[in-house]
Amino acid sequence: MPASPSGATRQDELKRAVAQAALDEIAPHLERDTVIGIGTGSTASLFIDALAPLRDRFLGAVASSEVSAKQLRDHGIEVLELNSVGRIPFYVDGADEIDHELAMIKGGGAALTREKIVAACADHFICIADESKWVPQLGQYPLPIEVIPMARSYVARELVALGASPIYREGVVTDNGNQILDLYDFPIPQPKAMESRINGIVGVVCNGIFAHRGADLLLLGRTNGVERLERRR
Ligand SMILES: O=C[C@H](O)[C@H](O)[C@H](O)COP(=O)(O)O
């Protein structure tokens, strides 16, 4: 992708545009006691940067990773523990893939479990993504599975029985002290069923299909502007 004179690629510009669009979406709803759920990754990071100037208009944030928590604190935004907060009106995060039902693959950065937990607690999941993430069917991007380390080989064998080819993401330890298996070339025609099926394997902590709790709103960065897509009810 060509870089602009500033060094930013077109994809970077689209990510920045959707980060700003998410801010525009939530800014009118911020109250002194509002807690915002914050995702992980390059797009979520741009959202944190955009959010920083408004830090005095809301209470704080719950972060889905240690990396995002640090970035929030560096901006002077209070990071709250999930167990200590009540309502989270908005969760803002990126995705590795998203389909027309606003189901997603997430976890390219290994943050899937905490992301799914914070997303589950939120009233509205706003997904921010550039158009490269928009797919007709999930599964072109490797599907991450977070596993308890001692169960890794067992889970891998169970996934092979499902028709997958799991690859151990060597050297990666999640914020929860676990490991990641990635499923390459694994088409997912029925995301909800597959999300449940993989979660049923003993030793799996979480998988990167976000279908049961998909996004409510997608802000999709396209070359001709940000498209706003709401989940069909
Ligand atoms: O674990 C990482 C997260 O699921 C990210 O939200 C996802 O990988 C998208 O990241 P990015 O915005 O960098 O493409």
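Small disclaimer: the values here were computed from a predicted structure and weren't measured.

Conventions adopted
- Residues numbered from 1 in each chain as written.
- Predicted model: local features only at pLDDT ≥ 70, side-chain atom pairs only at ≥ 80, totals over all residues.
- Helix = DSSP H or I, 4+ residues; strand = E, 2+ residues; numbered from the N terminus.
- Buried ≥ 20, exposed ≤ 12 C-beta atoms within 10 Å, placed from the backbone.
- Contact = placed C-beta atoms within 7 Å.
- Core = buried A, V, L, I, M, F, W, Y, C linked by C-beta atoms within 7 Å.
- Domains from an automatic or database assignment.
- UniProt positions renumbered as here; feature names shortened; annotations may be inferred.
- Near = placed C-beta within 6 Å.
- Nonpolar A, V, L, I, M, F, W, Y, C, P; charged D, E, K, R; others polar.
- Pairing = 2+ DSSP bridges.
- Axes fitted to C-alpha atoms, helices over the stretch in contact; angles between N-to-C directions.

Q: Tell me about the overall build of the chain, and please be specific about residues and values.
A: Within the chain, the secondary structure is distributed over six helices and 13 strands. With the principal axes as the frame, the chain shows a C-alpha extent of 50 × 40 × 40 Å. Per-residue burial over the chain gives 45% buried out of 233 residues. The long-range fraction of contacts in the chain, counting pairs at least 24 apart against all pairs at least 6 apart in sequence, stands at 73%.

Q: Account for the nonpolar core, with residues named and values stated.
A: If you look at the biggest cluster of nonpolar residues, it comprises 66 residues, and the most contacted ones within it are Val92, Ile126, Cys127 and Ile128. No other element matches strand β6 (residues 122-130), which puts six residues into this core. Among the domains, domain 1 (10-135 + 212-230) and domain 2 (143-208) are the pair contributing at least three residues each to this core. Filtering out sequence-adjacent residues up to four positions away, Cys127 remains in contact with Asp93, Ala95, Ile98, Leu102, Met104, Ala215 and Leu218.

Q: Which residues make up the UniProt feature "active site" (unreviewed entry) in the chain, and what values go with them?
A: Cross-referencing UniProt, the feature "active site" (unreviewed entry) maps to Glu115 in the present numbering. Looking at where Glu115 falls in the secondary structure, it is placed in helix α4 (residues 112-121).

Q: Tell me about the site of the ligand, and name the residues and values.
A: Surrounding the ligand, one finds 18 residues, the nearest of these being Gly41, Thr43, Gly94, Gly108 and Gly109. Contributions of two or more residues to the shell around the ligand are made by α2 (42-51) and α4. Of the residues contributing to the shell around the ligand, the split by class is five nonpolar, nine polar and four charged.

Q: Please give an account of the sheet that holds strand β2 (residues 60-63) that cites residues and values.
A: Strand order in this open sheet of six strands is β2-β1-β3-β6-β12-β13, and the pairing throughout is mixed. Either end of the sheet is taken by a strand with one partner, and the two such strands are β2 and β13 (225-230). Pairs of neighbouring strands in the sheet enclose a mean axial angle of 20°, with direction left out of account. Both β6 and strand β12 (residues 217-222) contribute to a ladder of five bridges, which runs parallel. Looking across to β12, one finds that Ile126 is bridged to Leu217.

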